[in-house]
Amino acid sequence: MNSKRRIAIVGSGPAGCTLACLLARAGMEAVIFDDEKRPEMVVGESLIPLLVTVFRRLGIEEKVAALGTYKPGVTWSLSDEEALLLSFDAIEGVLPTYAYNVPRREFDQLITDTALEAGAKFVKVSAKLELVDGAPELSAETLALVPEWGGRQPDLLIDASGRRRLFAKLLGIGADVGLRKDVSHFAHYEGCVMPPPSGQTLISRLKHGWGWRIPLPGKVSVGVVINKEHAKKYGDTPEEQLERIIEESPVLISTCRDRVRISPVTTYANYQLISHRGHGRNWTAVGDSFGFVDPMLSPGLCMAMVSAERLADVIIQGGDWESKAGEYIDWFRNELVAWQDLIDYFYDGRIFALFKSGMQFSERYPGKFSMMMQKHMSRHIAGMAAGGLTTRAYSRGLLRFMSKYATRDCFKAEDYAVQ
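Quick caveat: nothing in here was measured; it's all calculated off a predicted structure. (Residues numbered from 1 in each chain as written. Predicted model: local features only at pLDDT ≥ 70, side-chain atom pairs only at ≥ 80, totals over all residues. Heavy atoms only, no water.)

1. What to know about the overall build of the protein chain
Short version of the rule: Helix and strand definitions follow DSSP, with helices as H or I runs of at least four residues and strands as E runs of at least two, each counted in order from the N terminus. Throughout, the radius of gyration refers to the C-alpha atoms, and the reference size of a globule is 2.2 Å times the residue count to the power 0.38. Exposure is judged per residue with a 1.4 Å probe applied to protein chains only, and the accessible area is read against the type maximum: over 50% gives exposed, under 20% gives buried, and values in between give partly exposed. Whether two residues are in contact is decided by their heavy atoms: any pair within 4.5 Å suffices. Method for areas: the Shrake-Rupley scheme with a 1.4 Å probe, in which residue coverage is limited to the protein chains shown. When charges are counted, neither His nor the chain ends are considered; positive counts come from Lys and Arg and negative counts from Asp and Glu. Every charge is mapped onto a representative atom, which is NZ of Lys, CZ of Arg, CG of Asp or CD of Glu.
Counting secondary structure elements, the protein chain contains 14 helices and 21 strands. Taken over the C-alpha trace, the protein chain has a radius of gyration of 22 Å; the compact-globule value for 419 residues is 22 Å, and the two agree within 12%. Here the C-alpha coordinates of the protein chain stretch approximately 75 × 45 × 40 Å along the principal axes. Burial status across the protein chain gives 57% buried among its 419 residues. For the protein chain, restricting intrachain contacts to residue pairs at least 6 apart in sequence, the fraction spanning at least 24 positions comes to 74%. Working note: accessible area of the protein chain is about 18100 Å², and carbon and sulfur atoms make up 52% of it. Placing the 50 positive and 51 negative side-chain charges of the protein chain at their respective mean positions leaves the two points 3 Å apart.

2. Some thoughts on the packing of aromatic side chains
Using the following cut-off: Within 6.5 Å between ring centres, the rings of Phe, Tyr and Trp (the latter by its six-membered ring) count as paired, and their orientation is classed by plane angle as stacked under 30 degrees, edge-to-face over 60, tilted in between.
Applying the stated criterion across every chain yields a total of 17 aromatic pairs. Ring plane angle 45° and centroid distance 6.0 Å describe the contact between tyrosine 328 and phenylalanine 332, whose orientation is recorded as tilted. Taken together, the residues span about one helical turn, with tyrosine 328 and phenylalanine 332 both in helix α11 (residues 321-347) at a distance of 4 residues. In this structure tyrosine 328 comes out as buried when scored by relative accessible area, which is 1%. Look at tryptophan 331 and phenylalanine 332: their rings are 5.8 Å apart centre to centre, the planes differ by 35°, and that puts the pair in the tilted class.

3. What about the sheet that holds strand β10 (residues 156-159)?
Which entries qualify depends on this criterion: Strands qualify as paired when DSSP identifies two bridges or more between them. Between N-to-C directions, angles span 0 to 180 degrees; the directions come from axes that are lines fitted to C-alpha atoms, helices contributing only their stretch in contact.
Ordered in space as β7-β2-β1-β10-β20-β19, the 6 strands form an open sheet in which the pairing is mixed. Each edge of the sheet is formed by a strand with only one pairing partner; in this case those strands are β7 (121-123) and β19 (279-280). Where strand β1 (residues 6-10) meets strand β2 (residues 29-33), 5 bridges bridge the pair, whose relative direction is parallel. By the bridge assignment, isoleucine 9 is partnered in β2 with isoleucine 32. Running over the sheet, helix α1 (residues 14-25) touches β1, β2 and β10 and is turned about 160° from β2.

4. Quick notes on the sheet that holds strand β18 (residues 273-275)
Read from one edge to the other, the open sheet built from 3 strands follows the order β11-β18-β21, with strand pairing classed as antiparallel. For this open sheet the edge positions go to β11 (175-177) and β21 (291-292), each flanked by a neighbour on one side alone. In terms of strand pairing, β18 meets β21 through 2 bridges, oriented antiparallel. Within β21, the position partnered with leucine 273 by the bridge is phenylalanine 292. In the packing of α11 onto the sheet, the strands contacted are β18 and β21, and the crossing angle to β18 comes to about 165°.

5. Re the packing of α1 against helix α4 (residues 104-118)
As a reminder, the rule being used: Oblique is the label for any angle not covered by the other classes, which are roughly parallel (under 35 degrees), roughly antiparallel (over 145) and roughly perpendicular (65 to 115). Crossing handedness is defined as follows: a turn of the near helix away from the far one that is anticlockwise and smaller than a right angle gives a left-handed crossing, while the clockwise case is right-handed. All amino acids are sorted into three groups, where Ala, Val, Leu, Ile, Met, Phe, Trp, Tyr, Cys and Pro are nonpolar, Asp, Glu, Lys and Arg are charged, and the leftover types, Gly among them, are polar.
Running from N to C, α1 and α4 point in directions that differ by 20°, and their axes come no closer than 8 Å. Put simply, α1 runs roughly parallel to α4. The way α1 lies across α4 gives a crossing that is left-handed. Where α1 approaches α4, its residues Pro14, Cys17, Thr18, Ala20, Cys21, Ala24 and Arg25 are matched on the opposing element by Arg104, Phe107, Asp108, Ile111, Thr112, Thr114, Ala115 and Ala118. Taken together, the residues that form the contact of α1 with α4 break down as 9 nonpolar, 3 polar and 3 charged.

6. Remarks on unusual backbone geometry
Following proline 196, the chain continues into proline 197 via a peptide bond in cis, with omega recorded as 0°. As for its placement among the helices and strands, proline 197 is situated in the loop between β12 (182-190) and β13 (201-206). For glutamate 36, which is not glycine, the phi dihedral falls at a positive 65°. Relative to the helices and strands, glutamate 36 resides in the loop between β2 and α2 (49-58). The class of glutamate 36 is partly exposed, set by a relative accessible area of 39%.

7. Comments concerning the packing of α2 against helix α10 (residues 300-317)
In contact at an axis separation of 9 Å, α2 and α10 are set at 50° when each is read in the N-to-C sense. The angle between the axes of α2 and α10 places the two elements in the oblique class. Between α2 and α10 lies a crossing whose hand is left-handed. Counted together, Leu50, Leu51, Val54, Phe55, Arg57 and Leu58 of α2 and Leu301, Cys302, Met305, Val306, Glu309 and Asp313 of α10 form the full contact between these two elements. Across the contact of α2 with α10, the residue classes break down as 9 nonpolar, no polar and 3 charged.

8. Observations regarding helix α12 (residues 350-364)
Put simply, the rule reads: One fewer than the residue count of a helix, multiplied by 1.5 Å, yields its expected span.
For α12, with 15 residues, the first-to-last C-alpha span of 21 Å sits near the 21 Å given by 1.5 Å per residue. Packed against the buried residues of α12 are β4 (73-77), β5 (83-87), β13, α11, α13 (368-385) and α14 (393-405).

9. Concerning the side chain of arginine 213
Here is the rule: Contacts described as polar in this section are N or O atom pairs within 3.5 Å, which, within protein, must combine one atom able to donate a hydrogen with one able to accept it, while residues neighboring in sequence count only if both atoms come from side chains.
If you trace the backbone, arginine 213 turns up in strand β14 (residues 209-216). Within the local environment of arginine 213, its side chain forms a polar contact with the side chain of threonine 255, the two groups lying 2.9 Å apart.

10. Things to note about the pattern of salt bridges
Spelled out, the test is: Salt bridges are counted wherever a side-chain nitrogen of Lys or Arg sits within 4 Å of a carboxyl oxygen of Asp or Glu.
In this structure the tally under the stated criterion is 19 salt bridges. Notably, a salt bridge pairs arginine 259 with glutamate 247, separated by 2.9 Å at the nearest N-O pair. Of this pair, arginine 259 sits in the loop between α9 (250-256) and β16 (260-261) while glutamate 247 is found in helix α8 (residues 238-248), placing the two residues 12 residues apart along the sequence. Residue classification places arginine 259 among the buried positions, given a relative accessible area of 15%.

By themselves these figures say nothing about function.
Rendered as structure tokens:
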């Protein structure tokens, strides 16, 4: 019998609802508190293969496939003439060799419905929290909305409030933030012509940032992440900035010349944050409420749901809470650090210099050895970007070694860096 059976989850995003679903299936009283206020569009439409394993555990992969677009891989454009095509076929045996691109409103509703079907309870209110003896508690007003608890505090509170970080703010917990000061603008368009293979997400290197094109059913999500100060050169409003950046980028305009915007332009900022602390004697954090990294490789939604899966297993298994929660947060922190480390290879140009060097080596020394090396590197880079090998010591060491020594006297990383 598990000692922590009444679980209050503050936030109904994919992290909170994934956790609620798994806990409810394990026989726990999982109650989600959320006022359901959401922006019209949310980032995180392009998913990665690791997330498919979570869908399978939840039993929803067929439903995700029905509402989304099959994604076979990612293409990174260095310029309008050069591109690095990464196929998830390279990770066969590590993870599923595909993922999906999803419209977030429908996807988020699917995860919520799955939690409710599992027996989780939803209280449509913004939970009020109080600080009692150095720990968060639900206010009497909020607690009264769960009459079956008889006025008792839950055994465990979960901060699934996303970037609002409600518990961290209540407890005065700081965070480490990234060095980049970027802003993101994105919108949905019709009339964009995407190149093959069908469903491939396109990431484009820009001089002061990067852009994305994500194929969704009947539309394409087009967005940019760019230095805040540089963005001002493109106009005074998010709409002006996004449209002008698209127009002036040879790579972006190549598929978006006849675009018609069918949604408002949505703006996000603050793309790198990891909390100094993520748990206490009666609480812990999940998903973005603990931390998140730059979205270039699409780790956000994956880490939200994978962290929920991991936390569910910790709670279900029971044991010493302080010890188990500490191990969970240490795991989470290590995952985020490894993701940001990988993303930095793209920002500072090392991954592209390595790609160019590999192509040059294959041209100079064609044959089985160069093919074997190319396949080996592709497997590990793809495996890291897919979420399966992101923290693997060998994969990280291989990338570090090759980007340092295999590019000597060939290509300079700074020539491909994002400023």
